[in-house]
Amino acid sequence: MTDGEEHDVAGKNDAAAEHPAAANIGEQLRARRQAAGLSLRQFARDLGVSAAFVSQIENNKSQPSVATLYSMCSALNVSIDELFSSAGAAAAPVAVPEKHSFHGALAKLNEEQADQASPMLRPGERRQLVLDTGVVWEQLSPIHDSSVDFLRVRYEVGGSSVPDEKLTRHSGIEYGYILSGTLEVALAFETYELHAGDSIAFDSTTPHRLTNRGDVPVEAVWFVHGRKAAH
């Protein structure tokens with residue numbers, strides 16, 4: 001296992017225990033891989049990582065970093081939105097959207113599932129994904145579009161989209177708007193510091209990294225379009 005992989009599987013985020021939708025991500029990834037007819041070793045080779053590393057994530061022993069999750073989803077031709085949808089459905093039996101926790105009654109959960117036909121989402125109804133690099137994604141749309149990721153993101157102090165100061169790239173175009181805090185966006189050899197009210201747009205095929213180097217969490221709205229497109 002490489003140093004980067006060791007960082008990525010350093011330990012399952014405690015927040016995942018409070019969000020079964022996040023804890024279920026590994027199971028969803030494994031199901032998608034098996035449906036695609038890929039063996040664990042072949043999938044790992046395609047990603048350029050070890051089979052043990054993939055196994056750790058699929059067995060929910062660790063939450064993936066942002067970069068790793070994007071790589072896995074791209075390799076499986078699945079969007080983050082679709083993964084949210086599957087994970088949220090599996091976690092529904094213990095969800096209580098109003099409290100942002102998952103300890104409610106089945107009847108109440110069924111009511112929330114019925115509400116998915118509405119074009120509106122209230123804060124407590126959003127599906128959440130917790131990553132081990134200090135990042136939380138919340139799905140902002142009830143509509144499942146495989147070509148679009150529409151998210152509210154939170155970067156804890158020291159949180160980064162990629163571990164170990166690395167850069168990542170994937171297909172699509174990203175648009176971001178900072179609600180609070182200061183986010184550093186590294187694009188190839190350039191670095192930009194975004195404050196509350198600032199926005200940014202860039203081609204996701206450009207090597208990039210998003211990091212919170214400030215002393216307060218960063219809240220932002222993020223939109224990625226066309227992530228499945230070839231590049």
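Residues numbered from 1 in each chain as written. Predicted model: local features only at pLDDT ≥ 70, side-chain atom pairs only at ≥ 80, totals over all residues. Heavy atoms only, no water.

Student: What is the right way to read the side chain of Asn60 from this model?
Tutor: With respect to the element layout, Asn60 can be found in the loop between helix H5 (51-58) and helix H6 (66-75). Here Asn60 falls in the buried class, since its relative accessible area comes to 12%. Polar side-chain contacts of Asn60 include one of 3.1 Å to the backbone nitrogen of Gly26. (Helix = DSSP H or I, 4+ residues; strand = E, 2+ residues; numbered from the N terminus. Buried < 20%, exposed > 50% of the residue type's maximum accessible area, 1.4 Å probe, protein only. Polar contact = N/O pair within 3.5 Å; in protein donor to acceptor, adjacent residues only side chain to side chain.)

Student: Hey, could you run me through the sheet that holds strand E5 (residues 183-187) in this one?
Tutor: Either a parallel or an antiparallel arrangement is found when strands of a sheet pair, and the pairing is made through backbone hydrogen bonds. Strand order in the open sheet formed by three strands is E6-E5-E8, with antiparallel pairing between adjacent strands. A strand with exactly one partner marks an edge of an open sheet, and here the two such strands are strand E6 (190-194) and strand E8 (208-211). Direction aside, the axes of adjacent strands within the sheet are offset by 15 degrees on average. With five bridges joining them, E5 and E6 adopt antiparallel strand pairing. Residue Leu183 lies in a different strand from E6, and its bridge partner there is Leu194. (Pairing = 2+ DSSP bridges. Axes fitted to C-alpha atoms, helices over the stretch in contact; angles between N-to-C directions.)

Student: How should the sheet that holds strand E7 (residues 199-203) be read in this particular structure?
Tutor: The six strands are arranged E1-E2-E3-E9-E4-E7 in an open sheet whose pairing can be described as antiparallel. Looking at the sheet topology across the chains shown, the edges are occupied by strand E1 (128-131) and E7. Averaged over all adjacent pairs, the angle separating strand axes in this sheet is 20 degrees, with direction ignored. Both E1 and strand E2 (residues 135-139) contribute to a ladder of four bridges, which runs antiparallel. Each bridged residue has a counterpart across the sheet, and for Val130 the counterpart in E2 is Val136. Helix-sheet contacts for H6 involve E1, E2, strand E3 (148-155) and strand E9 (218-225), and the interaxial angle to E2 is about 45 degrees. (Contact = heavy atoms within 4.5 Å.)

Student: I tried to follow the pattern of salt bridges on my own but got confused; where do I start?
Tutor: When the charged atoms of two side chains lie near each other, side chains of opposite charge can form a pair. Under the counting rule described, the total for this entry stands at eight salt bridges. Note that Glu165 and Arg213 form a salt bridge whose closest N and O atoms lie 2.9 Å from each other. In this pair, Glu165 sits in the loop between E3 and strand E4 (173-180) while Arg213 sits in the loop between E8 and E9, placing the two residues 48 residues apart along the sequence. We classify Arg213 as partly exposed; its relative accessible area is 45%. Salt bridges linked by common partners bring Arg152, Arg154, Glu156 and Glu219 together as one network. (Salt bridge = Lys/Arg side-chain N within 4 Å of Asp/Glu carboxyl O.)

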